[in-house]
Amino acid sequence: MVYRAVWTFKRISRIELAAKTGLHPATITHIVDELVTESLLKESGSAEISIGRPALQLEINPEIAYVVGVNVTRDSVSAALIDLSGQVSQEVSFGGLQVRNDNKYLINRLAQSIEIILEDAIQAGRNVIGIGIGAPERDYLTSRLVSVSPSGENHEQTLSEVISERFDLPVVVDHNSNTLALDLQYFGEIAGVSNFVLLRHGFGVGGSVVINHEIYYGSHPTSSQFGHLTVDNNGEKCWCGNFGCLELYASVPAILARAALDLGLPTSTLTVEQVAAAYKAGHIAMVATIQNVSKYISFAVITIVNTLAPDAVFIGGALGSLAPIFAQLVQENIEGRIYPTLRNQIPVIGTSQAAGPVRGAAMLIIRNIINTASLDFPTTADRKQSSKAG
Ligand SMILES: [Zn+2]
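Residues numbered from 1 in each chain as written. Predicted model: local features only at pLDDT ≥ 70, side-chain atom pairs only at ≥ 80, totals over all residues. Heavy atoms only, no water.

Let's talk about the packing of helix α4 (residues 103-123) against helix α6 (residues 159-167)
Line of reasoning, step 1. One can describe the packing of α4 onto α6 by two numbers: an axis separation of 11 Å at closest approach and a directional angle of 40 degrees. Comparing the axis directions of α4 and α6 gives the class oblique. In this structure, α4 crosses over α6, and the sense of that crossing is right-handed. In this structure, α4 contributes Ile107, Asn108, Leu110, Ala111, Ile114, Glu115 and Leu118 to the contact, and α6 contributes Leu159, Val162, Ile163, Arg166 and Phe167.
Line of reasoning, step 2. In the contact of α4 with α6, the residues fall into nine nonpolar, one polar and two charged. (Axes fitted to C-alpha atoms, helices over the stretch in contact; angles between N-to-C directions. Helix = DSSP H or I, 4+ residues; strand = E, 2+ residues; numbered from the N terminus. Parallel < 35°, antiparallel > 145°, perpendicular 65-115°, else oblique. Left-handed = near helix turned anticlockwise from the far one by under 90°. Contact = heavy atoms within 4.5 Å. Nonpolar A, V, L, I, M, F, W, Y, C, P; charged D, E, K, R; others polar.)

What follows is the structure, encoded as structure tokens:
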């Protein structure tokens, strides 16, 4: 509880800690002393000097452990080293991949990117305690992929088994809608709220629901499929079997196809940033296109908000500068239509956090440390011994 409070408030005095946690100041002193001795917390300069005794500020020691965060999309793999405070210190990226069609290729690229990060980390004497991976398809979480063992045999293993075995580290894999939600939960504009919903626009439209600070997983590996909410009763058939699904109108390819059609351009030449720029410049066709798409997103958001009454709704993913534009339009669209007592209560926030996906993947590991204060890293004792010896 003490460690989590310090992590959350970043810089906090012992007196403030007692107030935030409800623990007796003597208990705080005892626990803090222990955590400082263990190098998990560190004290920094006095923020104020009261009579006699300076109020030392406590911070977590972010460098006591590091996590490799990896984000896999349909055509890229990115990896970075992240310290316990969420600071991203290195990043490598491989683009232009067709990961979906070739698992062996994916695993090799994934392993290669992790290897680069780990080698640098080990050379710099960093203590790496795990690997968090955000993956684009729910298949990666559940199905058994074929990997090739060092002896050349084919093995059927899950992605986390393959990577864990190769690097001898704990590995957690989750859908990258959830890793983006984790990043918002810990580092977003309104980090720390209890309940929120993320709509993640990419190749399709996915999402994540956070209830009481926890990601909602449902009973099947397909929760939060906001892309398949019906937003047009008379709409076209979706691949899922339903008609008029949100992602037919609001996935990134659907938005670009619609915008290209309205501009009389081939789809392949258009990017979300060009569409956003044209909208901001007041291009009449683009304003109409974006407003039209925002209506479909709004229909979904009204249903979600009326169902869950969350603290906030985030719109993000691969929308770039379109994310805040859609957020503002959706906010305007929903106010007159959501349940009366919810009006003007629920901010719709566009998010395009660059570090989000890899940092959120690292949080798959780091959240366990914060939430359970399970601080016995396998290598911590070794580090302490070597630092004492040094
Ligand atoms: Zn559908």
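So much for the structure itself; the text now carries on.
So, the coordination of the zinc ion
Line of reasoning, step 1. Every protein donor of the zinc ion is accounted for by His228 (ND1), Cys238 (SG), Cys240 (SG) and Cys245 (SG), and the metal-donor separations fall at 2.0 to 2.4 Å.
Line of reasoning, step 2. Coordination geometry of the zinc ion: the four donor atoms subtend angles of 106 to 118 degrees at the metal centre, consistent with an arrangement described as tetrahedral.
Line of reasoning, step 3. The motif formed by the donor residues of the zinc ion, counted along the single chain, is H-x9-C-x1-C-x4-C. For the residue pair Cys238 and Cys245, the accessibility class agrees, reading buried in each case. (Donors = N, O, S within 2.8 Å, 3.2 Å for Na, K, Ca; no water. Tetrahedral: all angles 85-135°; square planar, octahedral: opposite > 155°, others 65-115°. Buried < 20%, exposed > 50% of the residue type's maximum accessible area, 1.4 Å probe, protein only.)

Some thoughts on the packing of aromatic side chains
Line of reasoning, step 1. Summed over all chains, the structure comprises five aromatic pairs.
Line of reasoning, step 2. Note on Tyr249 and Tyr296: the rings are 4.0 Å apart at their centroids and 15 degrees apart in plane angle, and the pair reads as stacked. Note that Tyr249 is positioned in helix α8 (residues 247-250) and Tyr296 in helix α11 (residues 284-308), a separation of 47 residues in sequence. Summarising the burial analysis for this pair, Tyr249 and Tyr296 share the class buried.
Line of reasoning, step 3. An aromatic cluster is built from Trp7, Tyr186 and Phe187, whose rings are joined through pairwise contacts. (Phe/Tyr/Trp six-rings, centres within 6.5 Å; stacked < 30°, edge-to-face > 60°.)

Notes on the side chain of Ser294
Line of reasoning, step 1. Along the chain, the position of Ser294 falls in helix α11.
Line of reasoning, step 2. Apart from the residues within four sequence positions on either side, Ser294 is in contact with Phe326, Leu329, Val330 and Asn333.

Examining the sheet that holds strand β11 (residues 196-201)
Line of reasoning, step 1. Ordered by their spatial adjacency, five strands build an open sheet running β13-β12-β11-β14-β15, and the pairing between neighbours is mixed. At either end of the open sheet lies a strand with only one pairing partner, and these are β13 (214-215) and β15 (348-350).
Line of reasoning, step 2. As paired strands, β11 and strand β14 (residues 312-317) are joined by six bridges and run parallel to one another. Within β14, the position partnered with Phe196 by the bridge is Ala312.
Line of reasoning, step 3. Strands in contact with α11 are β11, β12 (205-211) and β14; relative to β11, the strand with the most contacts, it is inclined by about 155 degrees. (Pairing = 2+ DSSP bridges.)

So, the nonpolar core
Line of reasoning, step 1. Leu199, Leu246, Ile297, Leu322 and Phe326 are the most contacted members of the largest nonpolar core, which has 45 residues in total.
Line of reasoning, step 2. Those elements that provide at least two residues to this core are β11, β12, α8, α9 (252-263), α10 (272-280), α11, β14 and α12 (322-335).
Line of reasoning, step 3. With ten residues, α11 is the single largest residue contributor to this core.
Line of reasoning, step 4. Apart from the residues lying within four places of it in its own chain, the contact partners of Leu199 are Gly206, Gly207, Phe226, Leu246, Ile297, Val301, Ile304, Val313, Phe314, Ile315 and Gly316.
Line of reasoning, step 5. The next biggest cluster of nonpolar side chains, apart from the first, holds 43 residues, and it includes Ile28, Val67, Leu84 and Ile349. (Core = buried A, V, L, I, M, F, W, Y, C linked by side-chain atoms within 4.5 Å.)

Observations concerning the packing of α11 against α12
Line of reasoning, step 1. Two elements in contact, α11 and α12, have axes separated by 9 Å at closest approach and are oriented at 60 degrees. In this view, α11 runs oblique relative to α12, as classed from their interaxial angle. Of the two possible hands of crossing, α11 and α12 adopt the one that is right-handed. On α12, the residues that touch Ile290, Gln291, Val293, Ser294, Lys295, Ile297, Ser298, Val301 and Ile302 of α11 are Leu322, Ile325, Phe326, Leu329, Val330, Asn333 and Ile334.
Line of reasoning, step 2. For the contact of α11 with α12, a count of residues per class yields eleven nonpolar, four polar and one charged.

Describing the sheet that holds strand β7 (residues 128-135)
As a general point, the strands of a sheet are linked pairwise by backbone hydrogen bonds and lie either parallel or antiparallel.
Line of reasoning, step 1. The five strands are arranged β6-β5-β4-β7-β10 in an open sheet whose pairing can be described as mixed. Two strands bound the open sheet, and with one partner strand each, they are β6 (88-94) and β10 (171-175). In this sheet, neighbouring strand axes are inclined to one another by 15 degrees on average, regardless of whether the strands run parallel or antiparallel.
Line of reasoning, step 2. By the bridge criterion, seven bridges tie strand β4 (residues 66-72) to strand β5 (residues 77-83) in an arrangement that is antiparallel. Bridging from a neighbouring strand, Val68 pairs with Leu81 of β5.
Line of reasoning, step 3. The sheet strands contacting α6 are β7 and β10, and the helix crosses β10 at an angle near 150 degrees.
Line of reasoning, step 4. Along the sheet, helix α7 (residues 176-187) makes contact with β4, β7 and β10, crossing β10 at roughly 100 degrees.

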